[in-house]
Amino acid sequence: MTRIISLLFACFIGLAACTPGSTPTYGSDGRPLPTVYKIRGNPEKLQFRMLDSVNALRQAQGLQAVQLNSRLNAAAATHAKDMARQNRPWHFGSDGSSPIDRAQRVGYYGTFLGEAISETYETETETLAAWMQEPGPRSVIMDPKATQMGFSWHQEGGGKIWWTLEMGAGG
């Protein structure tokens, strides 16, 4: 009896291994459509993962590490939500505000150095990698004067993520 149960168990495991995995869905261009990355859990963990990634890139270039700044985080969160409402990634708010205006509104009075933004379905590390390929966002992230960083996002119900990263010094 034990041998029969063992044999059946082995067959079930073998059959389970043979089930097909999920196949990617393809768009009209023949390329796989992105999978939806859902942000779950503690938002601070994601902010610290981004901070660690940014600091690793900066330190590899001999630049000083930056620290998270709660006011820059608040400015980033406000802008990520506003971009989603406008349904376009750009540096100006729906009220015409600039990144400097938004930083001042949340009480950040250090030197505002720049902003990186993105609209994507990708993870924060994939987004950072894309920013590092573009001269504008790369120069913001790698600014030698930077000492502080703000980072936040807004994820829509369908999965699209609006990322915002702010860099500053002092304040």
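These notes cover the structure that comes with them. Every value quoted in this text rests on a predicted model; they were computed, and no experiment measured them.

Next up on the list: the pairing of strand β3 (residues 148-155). Within β3, seven of the eight residues are buried, which leaves the element mostly enclosed by the surrounding structure. Judged from the two bridges that link them, strand β1 (residues 67-68) and β3 form a sheet pairing that is parallel. Across the sheet, the residue bridging to glutamine 67 is glutamine 148, located in β3. Bridge count between β3 and strand β4 (residues 161-169): eight bridges; the pairing is antiparallel. When the bridges of β4 are listed, glutamine 155 appears paired with isoleucine 161. With antiparallel pairing between neighbouring strands as the criterion, β3 and β4 make up a hairpin whose turn holds five residues, including glycine 159 at a positive phi of roughly 110°.

Moving on, we get to the nonpolar core. Core analysis: the largest hydrophobic core is formed by 22 residues, its most contacted members being Trp131, Met149, Phe151 and Leu165. At the level of elements, α2 (43-60), α5 (124-133), α6 (135-141), β3 and β4 are the ones that each hand at least two residues to this core. Ranked by size, the runner-up nonpolar core spans five residues in total, among them Ala80, Met83, Ala84 and Ile117.

With that settled, consider the packing of aromatic side chains. Taken as a whole and judged by the stated rule, the model has four aromatic pairs. Between tryptophan 90 and phenylalanine 92, the ring centres sit 5.7 Å apart and the planes meet at 65°, which makes this aromatic pair edge-to-face. Note on tryptophan 90: relative accessible area 30%, which makes it partly exposed. The class of phenylalanine 92 is partly exposed, set by a relative accessible area of 40%. Note on tryptophan 153 and tryptophan 163: the rings are 6.0 Å apart at their centroids and 50° apart in plane angle, and the pair reads as tilted. Taken together, the residues span a long stretch of sequence, with tryptophan 153 in strand β3 and tryptophan 163 in strand β4 at a distance of ten residues. The buried category is assigned to tryptophan 163, whose relative accessible area is 0%. Taken together, the ring pairs in this structure connect Phe151, Trp153 and Trp163 into an aromatic cluster.

Quick notes on the rules
Residues numbered from 1 in each chain as written. Predicted model: local features only at pLDDT ≥ 70, side-chain atom pairs only at ≥ 80, totals over all residues. Heavy atoms only, no water. Buried < 20%, exposed > 50% of the residue type's maximum accessible area, 1.4 Å probe, protein only. Helix = DSSP H or I, 4+ residues; strand = E, 2+ residues; numbered from the N terminus. Pairing = 2+ DSSP bridges. Core = buried A, V, L, I, M, F, W, Y, C linked by side-chain atoms within 4.5 Å. Phe/Tyr/Trp six-rings, centres within 6.5 Å; stacked < 30°, edge-to-face > 60°.

It is worth stressing that arrangement in space is one thing and function is another; only the former is reported here.
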